[in-house]
Amino acid sequence: MPSETPTRAPLLPVVNRRLAVLVSGRGSNLQSIIDASARAELDATVAIVISDRAEAHGLSRARAAGIEAMHLRPGDYSGRDDYDRVIAKLLNDRDVGLICLAGFMRRLGAPLLEAFPNRILNIHPSLLPAFPGLDAQRQALEHGVRVSGATVHLVSSELDAGPIVLQAAVPVLDADTVETLSARILVEEHRLYPEAIRIVLEGGWEVRGRLFIPRLDGASTGRLQAGS
Ligand code: GRF
């Protein structure tokens, strides 16, 4: 009998580099993704930006960058699943490989999660699993933590609880207000999100239970990055 060569688990295919970014407001993380891609630090194209709010500044940022920008008013749909199905179709029609939630204030339902399994990222302004949900920076201050930060994770059906791709730690100072802490965390968010997208697009990672297991050849730079 021929001796068996040890086989490696097949690497996940490289994720298609066309991104959709979903926003509800300011869109500064969207801007950091657009800028990283324009500077060729991130080999990806933002194919479409969708917002649930017409007044979201993220939509203007997208238009200014020549990116298709679409407002989908939730009230025009019969429910969350209907809304999410329409988004999934729009993104499939545009051959989107990865969805990035960037301040998108709606929970996603099964139609989107199933259409893009492990292909949806979110950024959250705390070191998850601490302080999920709204007002994470206020929660951190009220809890008296000395360190907070930012997390990029894959989106699952549980709120702010999917596998963690990258985190950055940020000190909490005695004099911090919600505004000053949020601003310090935001600087890290803008660095972290493009880097996490790069890691996910690189492929070769896998998800085991709660864990995002990066590829082992050094393409990923580590899951916790010290804040500057
Ligand atoms: C960021 O703090 C992000 O972590 C959270 O919502 C905020 C969005 O900010 N999910 P922006 O719209 O990207 O400026």
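Before going into details, it helps to say that this report is about the structure given with it. (Residues numbered from 1 in each chain as written. Predicted model: local features only at pLDDT ≥ 70, side-chain atom pairs only at ≥ 80, totals over all residues. Heavy atoms only, no water.)

## Some thoughts on the pattern of salt bridges
Pairing between side chains of opposite charge can happen when their charged atoms approach one another.
Alright, step 1. Scanning the entire structure with this criterion turns up 12 salt bridges.
Alright, step 2. Among the ionic pairs, E41 bridges to R39, the shortest N-O distance being 2.9 Å.
Alright, step 3. Exposure remark for R39: the relative accessible area of 52% places this residue in the exposed category.
Alright, step 4. Residues D176 and R184 are paired through a salt bridge, measuring 2.7 Å at the closest nitrogen-oxygen approach.
Alright, step 5. Looking at D176, the relative accessible area reads 11%, which means it is buried. (Salt bridge = Lys/Arg side-chain N within 4 Å of Asp/Glu carboxyl O. Buried < 20%, exposed > 50% of the residue type's maximum accessible area, 1.4 Å probe, protein only.)

## Quick notes on the environment of G149
Alright, step 1. As for its position among the elements, G149 is in strand β6 (residues 147-154).
Alright, step 2. According to the relative accessible area criterion, G149 is buried, its value standing at 0%.
Alright, step 3. In sequence terms G149 and V172 are 23 residues apart; their C-alpha atoms lie 8.9 Å from each other.
Alright, step 4. Beyond its immediate chain neighbours, meaning those up to four positions away, G149 contacts H124, P125, S126, L127, A168, A169, V170 and I185. (Helix = DSSP H or I, 4+ residues; strand = E, 2+ residues; numbered from the N terminus. Contact = heavy atoms within 4.5 Å.)

## Some remarks on the environment of P163
Alright, step 1. Summarising the element assignment, P163 is placed in the loop between β6 and β7 (164-171).
Alright, step 2. Sequence separation between P163 and R210 is 47 residues, and the spatial gap between their C-alpha atoms is 5.1 Å.
Alright, step 3. Ignoring any residue separated from it by four or fewer positions in sequence, one finds P163 in contact with H153, L154, V207, G209, R210, L211 and F212.

In short, geometric facts, not functional conclusions.
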